[in-house]
Amino acid sequence: MTGSSRLTHARQFGTVLGLVVLSGVLWALTPHFLTVPNLLNVAQQTSINAIVAVGMTFVIISGGIDLSVGSIVALSGVGLGAALQGGLGLPAALAIALGIGVTCGLVNGAIISWGGLPPFIVTLGMMSIVRGAALVFTEGRPVSGFDPLFRSVAAGQLGGVPAPVIATLAVYLVAHVVLTRTTFGRYVYAIGGNEEATRLAGVSVRFHKTMIYAVSGLASAMAAVILTARLNSAQPIAGMMYELDAIAATVIGGTSLMGGEGSLAGTLVGALIMGVLRNGLNLLGVSSFLQQIVIGAVIIGAVLVDTVLKRHRN
Amino acid sequence: MRKTTVVLVAALAASSLSCNRAAPETTDKPKVALVLKTLNHPFFVDMRRGAQEAADRLGVQLEVQAAEREIDVEKQMQIVENMIQTGIKALVITPSGSREIVSALVKAQTANVPIIIVDTRVDEKAAAEAGVHTETFVGSDNYEGGKLAGAHVVNVTGGKARVGILEGIPGHETGDSRLRGFRDAVKDAPGITVVASQPANWERDQGFNVFQNMLQAHPDIDTVFAASDLMALGAIEAIAAAGKTGRIKVVGFDALDDAKKAIAAGTMDASVAQFPSEMGKAAIESVVKAIRGEKLPASIMVKLEMVTKESLVRR
């Protein structure tokens, strides 16, 4: 085991411990927390942020940032909704939704790679462009009312486990294999660790960077499918601030904003911490204003713990 | 370092604990959830006050929750799911999305929680398709409110005006009804032309920007109808910035305190008053009846009133 991977493991342990302690505290405070229906609720409520955060993790490990994910959720969603209402059938509609996500991601990646612009600027611009496109396309109105087959994406169950939870686990499994067992995955870390060295080693950094943002667009589109099914409606104003939730889940999960290190397991636990926290604060009847303070404190606290941990290891 | 995590989480837990103690869970009072669109708008703060007063009087334990942002219907759905887990006896909700919220209401109904809708109606078709039954709707008729505003404009302009409209978020039943009412009221006055109509998404700063742009494009606008006072107040700032204060009549909706001040000062002409605290009160009274198993009317309408400089003086 290399030093850096031991560090990653120690960090993940800290994040998992945080989740366990948080759950324990909630269990002690309210009898409504540790029940099967409630935990399934938490899992379901976490699924959308967790899936968006998959893409965000790829991007952040590569040393970038993607602020356009929330807008991509909205545009993919309304594309999906319009296709379904146009009678295109589920497979074609899903292909359109995912296609929109990947296309937006490719545009992000291409401008960042070949235009040589900072990811923050490009995805900030795309956040606005894509949101505007969703509003123009729908004239600002939600597209709603879908058939039961599509709604089963959110409402369906397998052995009592809600479909979005199964979908989330499947996405994480596949993404984890891609990130840790493929050449592409290794390049994601390499680009984030030292982009120049990676380029000198003969890797097409531009191509791989573009693909990384396409992965993020794809993840956002998958989240859009679940969100649209869950609300039985595609809203052009959906997904606002999702980028911040996804960044939060990723950094709570121990991925460094400097790039080069991080893991999807950490991100999943990070997303769960946010979900459990929101759920628990609701159950306890904590006011929504206080909730924001607590969530903000947890984000800073988690990263603080990380930083201190890192300093001690070094 | 693990200790740091534990201490951190424990500290957070302790802070939630102290909040929790204010409302102990073991009580024979029925627990009712009031899920609002947001709590950072005076309208909903007033509604909460009215509901809380009624709850205290009638022996109801009220849990108030709201999403961080008014338009976040998915977060509102999460809140409903979470509140159902705490064994609430009734759900009072102001839907952030007329159609989208239906999925959450299905869950409440499945858990045998009676539902009372306040302020914004649920889309009837979507509710019928999902088989959702609501006990009653408490609110004011936004369409009638819009008509009231339109009639006022016809009245004070002598039936001759060039009107700019600031809309709420498109697709929201509340704003759409107000606009329909307004347009229906002015359409029979041939001298009244709506020269521009743009969404400013219920927000004050957007009301400023959108109206500033509108005024650039149509310098001849002499009357503004804003579907909410926050947007109207934004427009008033834009009018002041253009040096046109007093030359453009502004009619808003909600009669917020700031709007009343503007009306008294003469920078605003009028506003349609709703009574959100009355809505909150009526909602909780209905909850008590619903829990007792009493039958409720399909809707309970709360009065509307036109607030003008004269009406403020009369008070």
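Computed from a predicted structure; not experimentally measured.

### Notes on the overall build of chain A
Link 1 in the chain: When helices and strands are counted, chain A shows 13 helices and four strands.
Link 2 in the chain: For 314 residues, the compact-globule formula gives about 20 Å, and the C-alpha radius of gyration of chain A, at 19 Å, lands near that figure.
Link 3 in the chain: Taken along the three principal axes of its C-alpha coordinates, chain A extends 55 × 55 × 35 Å.
Link 4 in the chain: Relative to its 314 residues, chain A shows a buried fraction of 56%.
Link 5 in the chain: In chain A, 79% of the contacts between residues at least 6 apart in sequence involve partners at least 24 apart.

### Describing the interface of chain A and chain B
Link 1 in the chain: Facing 47 residues of chain A, the contacting portion of chain B comprises 43 residues.
Link 2 in the chain: If you list the elements that add at least two residues to the side of chain A that touches chain B, you get helix H1 (3-29), helix H2 (36-61), helix H10 (205-231), helix H12 (264-283) and helix H13 (288-313) of chain A.
Link 3 in the chain: Residue composition of the side of chain A that touches chain B, grouped by class: 23 nonpolar, 20 polar and four charged.

### Comments concerning the domain arrangement of chain B
All names here are of chain B.
Link 1 in the chain: Under the domain assignment used here, chain B contains domain 1 (25-140 + 275-303) and domain 2 (142-273).
Link 2 in the chain: If you average the C-alpha positions of domain 1 and of domain 2, the two centres end up 30 Å apart.
Link 3 in the chain: Each partner contributes to the interface: domain 1 provides nine residues, whereas domain 2 provides 10 residues.

### Re the environment of B:Gly234
Residues and elements named next belong to chain B.
Link 1 in the chain: Its place among the elements puts Gly234 in helix H9 (residues 229-241).
Link 2 in the chain: Residues Gly234 and His41 lie 193 residues apart in sequence; the distance between their C-alpha atoms is 15 Å.
Link 3 in the chain: If near-sequence neighbours (up to four positions away) are discounted, Gly234 is found in contact with Ala200, Arg204, Asp205, Gln206, Gly207, Phe208 and Phe211.

### Things to note about H9(B)
An α-helical turn contains 3.6 residues, so any two residues separated by three or four positions project in the same direction.
Residue and element names in this part refer to chain B.
Link 1 in the chain: Under the 1.5 Å per step criterion, the end-to-end length of H9 is 18 Å for 13 residues, consistent within 8% with the ideal 18 Å.
Link 2 in the chain: When you tally the buried positions in H9, you get 10 out of 13 residues, the bulk of the element.
Link 3 in the chain: The set of residues buried in H9 consists of Asp229, Leu230, Met231, Ala232, Leu233, Gly234, Ala235, Ile236, Ala238 and Ile239.
Link 4 in the chain: In this structure, the buried residues of H9 make contact with strand E6 (161-167), helix H8 (204-217), strand E8 (223-226), strand E9 (249-253), helix H10 (257-265) and strand E10 (270-273).
Link 5 in the chain: Once H9 finishes, Gly243 follows within two positions and takes phi at roughly 70 degrees, a positive value.

### Thoughts on the sheet that holds E9(B)
Residues and elements named next belong to chain B.
Link 1 in the chain: Strand order in this open sheet of six strands is E7-E6-E8-E9-E10-E12, and the pairing throughout is mixed. Every interior strand has two partners, whereas the edge strands, strand E7 (192-199) and strand E12 (305-308), have only one. Ignoring which end each strand starts from, the neighbouring axes of this sheet average 20 degrees apart.
Link 2 in the chain: In the sheet, E6 pairs with E7 via seven bridges, with the strands oriented parallel.

### Structural notes on the sheet that holds strand E4 (residues 115-118) of chain B
Residue and element names in this part refer to chain B.
Link 1 in the chain: Here six strands make up an open sheet; going across it, the order is E2-E1-E3-E4-E5-E11 and the pairing parallel. The sheet is open, and its two borders are formed by strand E2 (61-66) and strand E11 (299-301), each paired with just one other strand. Taking each pair of neighbouring strands and ignoring which way they run, the sheet shows an average axis angle of 20 degrees.
Link 2 in the chain: Inspection of the sheet shows E4 paired to strand E5 (residues 136-139) by three bridges, in the parallel sense. Looking across to E5, one finds that Ile117 is bridged to Phe137.

### A few points about helix H3 (residues 69-85) of chain A
Residues and elements named next belong to chain A.
Link 1 in the chain: Across its 17 residues, H3 extends 24 Å between first and last C-alpha, which sits within 8% of the 24 Å expected from 1.5 Å per residue.
Link 2 in the chain: For H3, the buried fraction is high: 15 of the 17 residues fall into the buried class.
Link 3 in the chain: Of the residues one or two after H3, Gly87 is the one with positive phi, at around 80 degrees.

How each quantity is defined
Residues numbered from 1 in each chain as written. Chains lettered and ligands numbered in written order. Predicted model: local features only at pLDDT ≥ 70, side-chain atom pairs only at ≥ 80, totals over all residues. Helix = DSSP H or I, 4+ residues; strand = E, 2+ residues; numbered from the N terminus. Rg over C-alpha atoms; globule rule 2.2 N^0.38 Å. Buried ≥ 20, exposed ≤ 12 C-beta atoms within 10 Å, placed from the backbone. Contact = placed C-beta atoms within 7 Å. Nonpolar A, V, L, I, M, F, W, Y, C, P; charged D, E, K, R; others polar. Domains from an automatic or database assignment. Expected span 1.5 Å × (residues − 1). Pairing = 2+ DSSP bridges. Axes fitted to C-alpha atoms, helices over the stretch in contact; angles between N-to-C directions.

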